[in-house]
Amino acid sequence: QVQLVESGGGLVQAGGSLRLSCAASGTIYSISTMGWYRQAPGKQRDLVAVITNGGNTNYADSVKGRFTISRDNAKNTVYLQMNSLKPEDTAVYYCYSNLKSDYRADLRTHWGQGTQVTVSS
C-alpha cells in the first residue's frame, strides 16, 4: 500500500511564497514521474508542474518563472516552491506519483489528499 502525504499549504498574501511537500511511503519499488495538479472551485484539475526521475521538469505557462518543482529521490519526496503568488493561484493542490510497488508490477498513479492554498489580494 502506498500513501502520499502533503504539507505546506495555507493562507498567504499576494506576492508571498509557500513551499509544498509531498512524501510517498509504503511499498515502493521505483518512482518515475512526480508532480502537482491544482483545482480551483468550479474548475477542472489542471497540471501545475511535473518532474521526472532524471530531473527534467515541465510547468504550466501560468506558473513559469514563479514556481519551482524539485524532488529528493532518497526521501521519495517532491516539492513545489511557489513564489510571487497571485490570487488566481488559489486552489487545492494535489501531488501525484507514478510508481511501481514491485519490479513485476505495472506503473500506477497515486494521489495525495490535497492541500489548500489561498492567496489573498
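Cut-offs used in this document
Residues numbered from 1 in each chain as written. Predicted model: local features only at pLDDT ≥ 70, side-chain atom pairs only at ≥ 80, totals over all residues. Heavy atoms only, no water. Core = buried A, V, L, I, M, F, W, Y, C linked by side-chain atoms within 4.5 Å. Buried < 20%, exposed > 50% of the residue type's maximum accessible area, 1.4 Å probe, protein only. Helix = DSSP H or I, 4+ residues; strand = E, 2+ residues; numbered from the N terminus. Phe/Tyr/Trp six-rings, centres within 6.5 Å; stacked < 30°, edge-to-face > 60°. Salt bridge = Lys/Arg side-chain N within 4 Å of Asp/Glu carboxyl O. Contact = heavy atoms within 4.5 Å.

Participant: I tried to follow the nonpolar core on my own but got confused; where do I start?
Facilitator: Counting 28 residues, the largest nonpolar core has W36, L80, M82 and Y93 as its most contacted members. Breaking this core down by element, the ones donating at least two residues are β1 (2-7), β3 (18-26), β4 (30-39), β5 (46-51), β7 (67-72), β8 (77-82), β9 (91-100) and β11 (115-120).

Participant: Looking at this model, I keep getting lost on the packing of aromatic side chains. Mind explaining?
Facilitator: Centre-to-centre distance and the angle between the planes together describe a pair of aromatic rings. Applying the stated criterion across every chain, the model contains 4 aromatic pairs. Between the aromatic rings of Y37 and Y96, the centroid separation amounts to 5.6 Å while the plane-to-plane angle is 70°, which identifies the pairing as edge-to-face. Placement of Y37 in strand β4 and of Y96 in strand β9 is noted, with a sequence separation of 59 residues between them. Ring geometry for Y96 against W111: centres 5.6 Å apart, planes inclined by 40°, an arrangement best described as tilted. Taken together, the positions of Y96 in strand β9 and W111 in strand β10 (residues 108-111) put the pair 15 residues apart, joining distant regions of the chain. Among the residues examined, Y96 registers a relative accessible area of 9% and is labelled buried.

Participant: What is the right way to read the pattern of salt bridges from this model?
Facilitator: When their charged atoms lie close together, side chains carrying opposite charge are able to pair. Under the counting rule described, the total for this entry stands at 4 salt bridges. Across the salt bridge formed by K64 and D61, the nearest N and O atoms sit 3.1 Å from each other. Among the ionic pairs, D102 bridges to R104, the shortest N-O distance being 3.0 Å. Three or more residues are tied together by salt bridges with common partners; here these are R38, R66 and D89.

Participant: Before we go on, may I ask you to explain unusual backbone geometry in this structure?
Facilitator: The bulk of non-glycine residues show a negative phi, and the bulk of peptide bonds are trans. Backbone geometry at N76 places phi at a positive 50°, although glycine is not the residue there. Within the secondary structure, N76 sits in the loop between β7 and β8. Although it is not a glycine, S84 sits at a positive phi angle of roughly 50°. With respect to the secondary-structure elements, S84 resides in the loop between β8 and β9.

Participant: How should I be thinking about the environment of I51 in this particular structure?
Facilitator: Its location among the elements puts I51 in strand β5. Sequence-wise, I51 and S32 are 19 residues apart; in three dimensions their C-alpha atoms are separated by 8.6 Å. For I51, the contacting residues outside a window of four places in its chain are S32, T33, M34, N56, T57, I69, S70, R71 and V78.

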